[in-house]
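Structural description and commentary
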Amino acid sequence: MEDSKVLHFVPSEALPSGTSKNGYFFQEMEQREAEQEEGSEGREEGQDFPITCGDDIHLYDNQSPGPDSDDSGCVLLNTSRKYVKLMNFEEEVRAHRDLDGFLARASILLDETAASLDDVLKRMLHHVGQDGLTSEPGCNFEEVMSMMFTDAGAQEVNVHLLSETIQGVTATATGIQYQQSWLCILCNVKSLQRRHVCISRLERPQNWGENCCEVRYVILILAPLKMKSTKTAMELGRTFATMFSDISFRQKLLETKTQEEFKEALVFQRQQLTAANQRPTTLEEEEETDPRSHKPLKCRDFFRPGRGIYEDLCRRLPYYPSDFTDGVVGSNKTLLKYMTTAIFLYIAILLPAIAFGSLNDESTRGEINVKKTIIGQSIGGVIYSLFAGSPVVVPLTTAPLAIFISVIRGICDDYDLDFPAFYACIGLWNSLFLILGGIFNLSLVMKLFKRSTEEVIALFISTAFVVDAVKGTAKIFHKYYHAPTLTNGSTASPVQPIQAKASLLAANETEAGGGLWLNALPQSIIQCTRESPVLCLLLMLGTLWMGYTLYQFKRSPFLHAKVREVLSDCALPISVLMFSFIGSYLFNDIELPVFNFNNSPVFKMAAFERLSAINVLSAMGLGFLLAVLIFIDQNIVVSLTNAPENRLLKGTAYHWDLMLSGLINILMSVLGLPWMHAAFPHSTLHVRQLAFVEQRVEGGHLYETIVQVKETRLTSLTANLFIGVSVLMLPIPLQWIPKPVLYGLFLYIALTSIDGNQMCDRMALLLKEQTSYPPTHYIRKVPQRKIHYFTFLQIMQLLVLCTFGMYPLPYTKMIFPLLMTLLIPIRNHVLPRIIEAKYLDIMDAQHM
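As a starting point, this report considers the structure included with it. Residue numbers restart at each chain and count upward from 1, following the sequence in its written direction. For this predicted model, a pLDDT threshold of at least 70 governs which residues receive local features, and a threshold of 80 or more governs which side-chain atom pairs are given and counted, while totals over whole chains, interfaces and linings are taken from all residues. Hydrogens and water molecules were not included; the side-chain quantities draw on all heavy atoms of the structure.

Secondary structure elements are defined from DSSP: runs of H or I of at least 4 residues count as helices, runs of E of at least 2 residues count as strands, and each element is numbered from the N terminus. Per the secondary structure count, the protein chain includes 29 helices and 14 strands. Counting every position in the protein chain, which comprises 848 residues, the buried fraction comes to 52%. The long-range share in the protein chain, meaning contacts at least 24 apart out of those at least 6 apart in sequence, stands at 79%. Working definition of accessibility: Shrake-Rupley area with a 1.4 Å probe, residue cover restricted to the visible protein chains. For the protein chain, the accessible surface area stands at approximately 39,100 Å², while carbon and sulfur atoms represent 59% of it. The classification of residues rests on relative accessible area computed with a 1.4 Å probe and restricted to protein chains. Under 20% of the type maximum is buried, over 50% is exposed, and intermediate values are partly exposed. A contact between two residues is defined here by any heavy atoms of the two lying within 4.5 Å.

Next up on the list: the packing of aromatic side chains. Working definition: rings of Phe, Tyr and Trp (its six-membered ring) pair if their centres are within 6.5 Å, and the pair is stacked with planes under 30 degrees apart, edge-to-face with planes over 60 apart, and tilted otherwise. Tallied over the entire structure, the rule returns 14 aromatic pairs. Relative to Phe240, the ring of Phe102 lies with its centre 5.2 Å away and its plane at 75°, an arrangement referred to as edge-to-face. Note that Phe102 is positioned in helix α1 (residues 93-104) and Phe240 in helix α4 (residues 233-244), a separation of 138 residues in sequence. Per residue, the accessibility class of Phe102 equals that of Phe240, and both read buried. Connected via pairs of aromatic rings, a cluster forms that spans Trp182, Tyr217, Phe244 and Phe249. In this structure, Lys337 packs its charged tip against the face of Phe692, placed 5.2 Å from the ring centre. As a reminder, the over-ring test applies to NZ of lysine and CZ of arginine, requiring each to be within 6 Å of the ring centre and within 35 degrees of the ring normal.

A word on the side chain of Arg762. With respect to the secondary-structure elements, Arg762 resides in helix α24 (residues 758-765). In this charge count, Lys and Arg are treated as positive and Asp and Glu as negative; neither His nor the chain ends contribute. Salt bridges are counted wherever a side-chain nitrogen of Lys or Arg sits within 4 Å of a carboxyl oxygen of Asp or Glu. Buried and without a salt bridge, Arg762 has Glu455 as its closest oppositely charged side chain, separated by 4.3 Å. Within polar-contact distance, the side chain of Arg762 engages the side chain of Gln794 at 2.7 Å. In this structure Arg762 touches Glu455, Tyr778, Ile787, Phe790, Thr791 and Gln794, once residues within four positions along its chain are discounted. Here a polar contact means two N or O atoms within 3.5 Å. Within protein one must be a hydrogen donor candidate and the other an acceptor candidate, and residues neighboring in sequence count only if both atoms are side-chain atoms.

To continue, consider the environment of Leu730. Tracing the backbone shows Leu730 in the loop between α22 (714-725) and α23 (739-753). A C-alpha to C-alpha distance of 9.0 Å links Leu730 and Asn599, two positions 131 residues apart in sequence. When neighbours within four sequence positions are excluded, Leu730 is seen to be in contact with Val370, Lys371, Ile374, Phe595 and Phe597.

The subject of this paragraph is the pairing of strand β10 (residues 215-224). Counting buried residues along β10, 10 of its 10 residues qualify, which places the element largely inside the surrounding structure. When DSSP finds at least two bridges between two strands, those strands are taken to pair. Here eight bridges tie strand β8 (residues 182-189) to β10, and the two strands are oriented parallel to one another. Bridge assignment links Cys184 to a residue of β10, and that residue is Ile219. As judged from the seven bridges shared by strand β9 (residues 196-206) and β10, these two strands associate in the antiparallel manner. When the bridges of β10 are listed, Ser200 appears paired with Val218.

So, about the pattern of salt bridges. A complete count under the given rule lists 22 salt bridges for this structure. Close ionic contact of Arg204 with Glu203 constitutes a salt bridge, the shortest N to O distance being 3.7 Å. A relative accessible area of 48% means that Arg204 is categorised as partly exposed. You can call Glu203 partly exposed: its relative accessible area is 35%. Each of Arg316, Asp323, Asp326, Lys650 and Arg713 takes part in one network of salt bridges that share partners.

Next up, the structure:
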């Protein structure tokens, strides 16, 4: 058995400035220079060393075990690389002719089952040779097969690599990132009479070595040796490589089932590329109010009232019809994904609405209950899904809002105020501030929020879900687990309940029904059943375990890919229904806590005449603090949802969505329903449910990259309509869902929301050995000590937020929105004094 040692010398030359965005291909040509030498010149080990020339030299040293092995099998390969520009489909007429020629005599292999590169190429060459329209009588395709590799014509050489390829690369903060799902192979054959193109779509991704870890498409280009400069194999390869460089186009090809659909996708992609080049350049003024633009923030931008809303509507209205038709009309139907996503949203929205409604019911003594929360969620959710500029964003009443409502109730009790009227007055002031913020383009402040700041706030929200689940479970243990307290204040002896049960059993042994004796027990004794809290803990952890296991099931090798995807999309509904059945049916003899149901009138207009002028002015201050909270949460959620790695294409509408939130909360306030705003992590999870992903391998680490997202209004609209219908299921069967299952849902939402949070990834580095660090951009470009400093400072910010946001004193929660705004100057002015600004910018960069 021989050991193969490969030394890879990487050139130190910098990338051209034009490669800062995806604009170049990478061509690799490996020419074999077989020269057998003796000696040990090739025995070098250790790290990669830069050399000054522009070529990469791969030295392959095949040696036998032992100290005296000779180097008779040494082979030198010279690899020259050069960048190839993308084909311009508007200006270069050759691009259209190349595609038309391929469509006229297309060689397409769909769902190829061969696994090795050699077998795939043999099938493709056989398909080309068998085609009557493209017959090549003077060509030996076995020789063509050998000419594609470096060991052609040399029997003593066993280094079997492709000679000439084109791959898509992108210059990112990581350096160079290969597009590993497709490979274009070029071959110039002297005996050919015409050019040939064959495209093969593999049944499943194949791992063919470095930078080819997940190949799904193979484009084979064959051309005569002497051709016109615009008809060479390189130019023909440019045409098809330009088309395959689009990740969404590759996803569309994956959905095609016949060769005709495959051809139609090619034609449509040509139209897209041509239209993209012909699209007029956007005027500078048109992007001045987009918070995602890179233009610096100026004070005059805030004094152009209505400009941001106008641009948002101009940006989004052209796509409004497609928000209802995408995935429903046309060839690429995704109805199954829409159904599973709507079911997921229904459960993910309804259960938190029940939980926060129960919390509001307790804090407001029935003024805002579960029924009002569900109806308010349905009304606000339907309005938002129909008219919002970001339809994938999910509005919801959240834990901070529930805490704010409880504080308002405490103020009303302290100063003897009418709660419905004072609540409505605060909500109207809040809506006024939100509408003014939308009109005067205040969402431009999001330019000052960096990725790290957004991730701190997002992680705080996830932590709040965990804390709510732990608090709820602790209350259950406090109520059921500990021994009951008697009226005199002493603790009941554990013998007393047993004796009481025995006497009651003896008195009622003739009665029908073995469990009727429980009705005669004192309530304090019935509550002292330790099986209830233990079962609650198991239900909560079981809901989390099953949900997250099914969520990760799409990465497993079991079952069919479609089945795995459906199970992953329905992970939350399956786990909730399963453990609700276990708790409410299989263990129906054990008492489990459920939410309270109060069947009071739903719509009740506020009596503003009960408030004095001083009350109205004091409500303005509370309304301002509430507006700050909703403003920050709304815009951060929209920003996280529209992050570049999510690949949303229809544009944003920060200002319009902010004003729409204000308009919705006017209705909520007047009718006495709970306020709402864009919710994290429901919105990002909604995007992930609607996304098609592609797996990538980089440095031995597996990443999931979003390929395409179906930006539709149908899923959110359907889910909120069904939530409105769920009012008819109160109290039964919704009360069959125990509170521990709701807490398990909170833990599931918190756990899945940290996926992709860079702060969590850096926190995990503190527990890992350095050899297992992933090859992310900050690992490569930032000193390790600076990374840990930055992570520690973020943890301190998170702890401060948690202290003020979760401290039991109610009035400390009132200043919490102002505390979140302080994160902006801390990131922009304080942290650069501790860590160099260039390192901060690298760690805040996107990694796609």
